[in-house]
Number of protein chains: 2
Amino acid sequence: MIGRALIAEFEKLLGRDNVFADEADRHTYSYDAAVLDPVLPALVVRPTSSEGLGRSVRLCGENALPVTVRGAGTNLSGGTIPARGGVVIVTNGLNRILEINEADLYAVVEPGVVTARFAAAVESRGLFYPPDPGSQAVSTLGGNVAENAGGLRGLKYGVTGDYVLGLSFFDANGEIVKTGARTVKCVAGYNLAGLMVGSEGTLGVFDRIILKLIPIPAARKAMLAVFDDIAKACEAVSGIIADKIVPATLELMDNFTIRAVEDYGHAGLPVDAAALLLIEVDGHAAQVEEDASRVEAVCRGRGAMSLRVARTAAERDKVWEARRAALSALAKLKPTVVLEDATVPRSKIPAMMNSLEAIASRYRLTIGTFGHAGDGNLHPTILTDRRDRAEWSRVEAAIDAIFDEALKLGGTLSGEHGIGLAKSRFLEKETSRATILYSRRIKTALDPKNILNPGKIIGE
Amino acid sequence: MIGRALIAEFEKLLGRDNVFADEADRHTYSYDAAVLDPVLPALVVRPTSSEGLGRSVRLCGENALPVTVRGAGTNLSGGTIPARGGVVIVTNGLNRILEINEADLYAVVEPGVVTARFAAAVESRGLFYPPDPGSQAVSTLGGNVAENAGGLRGLKYGVTGDYVLGLSFFDANGEIVKTGARTVKCVAGYNLAGLMVGSEGTLGVFDRIILKLIPIPAARKAMLAVFDDIAKACEAVSGIIADKIVPATLELMDNFTIRAVEDYGHAGLPVDAAALLLIEVDGHAAQVEEDASRVEAVCRGRGAMSLRVARTAAERDKVWEARRAALSALAKLKPTVVLEDATVPRSKIPAMMNSLEAIASRYRLTIGTFGHAGDGNLHPTILTDRRDRAEWSRVEAAIDAIFDEALKLGGTLSGEHGIGLAKSRFLEKETSRATILYSRRIKTALDPKNILNPGKIIGE
């Protein structure tokens, strides 16, 4: 419980309209998109300035109150589930794009800027911010950096962390720390920006973020290849890669996902297809033409039944909207949807698909699979009902099996969803005991009272 | 002093041929390429296996001996100058390329692999490892990661850190820590690989490094533009950028550097030119043609006297060899050469050049300037004689003035040479007191005995 006096202090700092102590208000901030039990925070605050943010962190530090920063709450691993008795800092009052610098190819933003809004603002200047997590329509840049969010363009363009040039953030005492610069090159001190990327709010609270931009590609072409066998689609992925083509996106959907998406959005997808590849190439117009015809040749050579090229921007958008709807579409089918995130070196996609089929059958579960085949980041999606205890224990066993398989194939537990609360107990399996201890030493040194998003990544 | 018994332990561990205790042997490892006083290490050891490396670190930890890891010793900020009474671990016995994976676009290397040898091995497979620090012919990949080395291609391709997918390293106890993966996407735990990049050997000792590779560009074109006024050359740089062309390299040389390079290497550079731009564009053949003609138009529009295109690979190599010789050429002119590394947002290059001229004149110094104009990373090079005390104090004042100017223009103290011993006292000026304290907390937690390259980056 947080006493009335402390609430009054927050109100004085941020204005009464930006402090939420009622249970009904707090309830909204008790969960995120992960399948985990909600935890009610003691207080929710909404700073609207850098100063208000820093002083809020300081106040929490002085009172040893746990702090969980929340953007849009789209986290899939429980990173935004608050600590019991803690404070949630909501960033939607910190949503200014402070600078877009066309000459020097960077932007400076506050953490609460919505990803898609930023991407559009950048594009209107002829520039490009490639990271496009599935939730970009609502997710925030601060959340993207805290999770090192990926998206559909990882293969060619990398992930959020590849675009973070610098940061300022508040440490556990509310003091301002600065790292990185407005330049591509900066080695002035420890790469704290690198450490903050993916640290899930456990090491500091972001104040401002400097993001790298690139010129917008001159041309783009989106294609949809239809397969009657998922193995053939996987071979086409390998074939494209072996041919040293690097598409901007190379997405896979299995039949289960196709049908769910089509039922949900009526995008005109072929519901009888065993698998689809959604491919986009971009760059110089001549390169795009060449890559597109090479991609087509590979797909046909691997037995694609048909290949459709988007003729207009509207057609292209329709394909990508359909893909982006996959999680929502699957989520409608069953009370509980577990979206996994195991990632393997991309040449191991066919092996991983085989294993997923075997796991679904062994544990008698429905697993739809879609994802970023081009960078090895599949999203096997388990449709279940958490209230069905017997099935839920098979789900948990299946998740274990998926992780084991990904690691056996040289991959990782999580490509882009983070460790959060959901996966911290698996982390040692991928790394080492010494890695966990090393990480805990950092956390303890930087946050001795353990107030910054406690329990995430490295456990309690 | 290290006792005979401990030396015997190292000999048992690594073999007698890999332990150097004689003063003459140790002397070679007492300095690097920075203008700083040498420090004689107590012992030099050369592990030839991962196990030998880890056990060497452990032995140093148990005996509280400072450890400085050394690749080729090309460090320009004193990062490889050992601590008094400490051990130097030389990595040239750890020089295996363990894997180059063409399908999954990564390589796994030991830290002692020479950068240029690796780049060539990768290129022979049709792949590309872009980071190309000036010293690449001798520098090692471990050193490049420890310093987050840059090079000529930063503008388009980024720096070493942008290619580190994962790492294993030994902590101060000699325990193995693992971070990152063989995939573009990995958010399993803290981004310790990000933290290790640029940490100058102060937080761990690299065991193996996983590096990202990309397909080799289909075509390249190198050009040399000659100007009769350095301001015009700077304007051409701005013009190329404003035109949203992203060359692979965009290098500037002033007249002083041109003459020094020509005297040194006889590459056929125009010694009367006030400035040269060395430009390379790469990518799809059609894109290269288009970019090259746009670059040419910009240069002529800004008053270039002539523009030469390299017709053959040999001609191209000659241009780049000349550029790479700049530091060696300047170093021959005077007993002491101070190579600075201040970096500004690239649109500020003209302002920075003006300031450098003013500083040279104010402090009555000879400053030659060359560098990576395309990414704002200039290398003003002060030619002096450290034994001349009066001049040396003017040199120190000029360095201060250069840093102040770079920060005023929104830049950084160091783009690619690191902080090391040389710049740690300036770091707070760029960041904040809290940043230094935050960094020290990390260092102290991870290395409580302060054995890992003590004194570097954050001072004692």
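Refer to the structure printed above.
Residues numbered from 1 in each chain as written. Chains lettered and ligands numbered in written order. Predicted model: local features only at pLDDT ≥ 70, side-chain atom pairs only at ≥ 80, totals over all residues. Heavy atoms only, no water.

Novice: Hey, could you go over the pairing of strand S16 (residues 336–339) of chain A for me, with residue numbers and the actual values?
Specialist: Residue and element names in this part refer to chain A. Residue alternation in S16 divides its side chains into two sets, Thr336 and Val338 and Val337 and Leu339, and both sets are buried. Pairing geometry for S16 and strand S18 (residues 377–384), over four bridges, is antiparallel. Bridge pairing in S18 places threonine 336 opposite threonine 384. (Buried < 20%, exposed > 50% of the residue type's maximum accessible area, 1.4 Å probe, protein only. Helix = DSSP H or I, 4+ residues; strand = E, 2+ residues; numbered from the N terminus. Pairing = 2+ DSSP bridges.)

Novice: Mind laying out the pattern of salt bridges, listing which residues take part and the relevant values?
Specialist: All names here are of chain A. For the structure shown, the criterion picks out 60 salt bridges over all chains. The closest approach of N and O atoms between glutamate 280 and arginine 220, which form a salt bridge, is 3.8 Å. Residue glutamate 280 is found in strand S14 (residues 275–283), and its partner arginine 220 is found in strand S12 (residues 219–227); the two are separated by 60 residues along the sequence. When its relative accessible area of 25% is taken as the criterion, arginine 220 is described as partly exposed. When the shortest N-O distance is used, the salt bridge between arginine 300 and glutamate 296 registers 3.1 Å. Taken together, the residues arginine 300 and glutamate 296, both in helix H10 (residues 285–301) and four residues apart, mark about one turn of the helix. Ionic contacts of the salt-bridge type, sharing partners, join the residues Arg220, Glu280, Arg316 and Asp317 into one network. (Salt bridge = Lys/Arg side-chain N within 4 Å of Asp/Glu carboxyl O.)

Novice: Quick one: what's the story with the relation of the copies chain B and chain A, residue by residue and with numbers?
Specialist: Overlaying chain B on chain A yields an RMSD of 0.0 Å, the required transformation being a rotation through 180° with an accompanying axial translation of 0.0 Å. Both chain copies can therefore be described as sitting about a two-fold axis. Among all residues of chain B, the one whose C-alpha sits closest to the rotation axis is glycine 194 of chain B, at a distance of 2.2 Å. Here 100% of the contact residues of chain B are again contact residues in chain A; the copies associate through an equivalent surface. (Least-squares fit on C-alpha atoms with pLDDT ≥ 70 in both. Contact = heavy atoms within 4.5 Å.)

Novice: A description of the sheet that holds strand S1 (residues 19–20) of chain A should follow, citing residues and the corresponding values.
Specialist: Residues and elements named next belong to chain A. Spatial strand order, S1-S2-S4-S3: four strands in an open sheet with mixed pairing. Looking at the sheet topology across the chains shown, the edges are occupied by S1 and strand S3 (67–70). Sheet topology note: the strand S2 (residues 43–45)/strand S4 (residues 87–90) ladder contains three bridges and is parallel. When the sheet's bridge partners are listed, leucine 43 is paired in S4 with valine 87.

Novice: Please give an account of empty space enclosed by the protein that cites residues and values.
Specialist: According to the stated counting rule, one finds four cavities of 30 Å³ or more in the structure shown. Looking at the largest cavity, its volume works out to about 850 Å³. When contributions to the lining of the largest cavity are tallied by element, the ones reaching two or more residues are strand S8 (164–170), strand S9 (176–180) and helix H7 (192–196) of chain A together with strand S8 (164–170), strand S9 (176–180) and helix H7 (192–196) of chain B. Per-class residue counts for the lining of the largest cavity are 22 nonpolar, 18 polar and four charged. (1 Å grid on protein atoms, 1.4 Å probe; cavity = no way out; pocket = protein on both sides within 12 Å on 5 of 7 lines; lining within 4 Å. Points joined across faces, edges and corners; volume = space filled by probe spheres on them. Nonpolar A, V, L, I, M, F, W, Y, C, P; charged D, E, K, R; others polar.)

Novice: Report on the environment of glutamate 340 of chain A, specifying residues and quantitative values.
Specialist: All names here are of chain A. Inspection of the secondary structure puts glutamate 340 in the loop between S16 and helix H13 (349–362). The spatial distance from the C-alpha of glutamate 340 to the C-alpha of histidine 379 is 5.1 Å, given a sequence separation of 39 residues. In terms of polar contacts, glutamate 340 uses its side chain to reach the side chain of lysine 423, at 3.2 Å. (Polar contact = N/O pair within 3.5 Å; in protein donor to acceptor, adjacent residues only side chain to side chain.)

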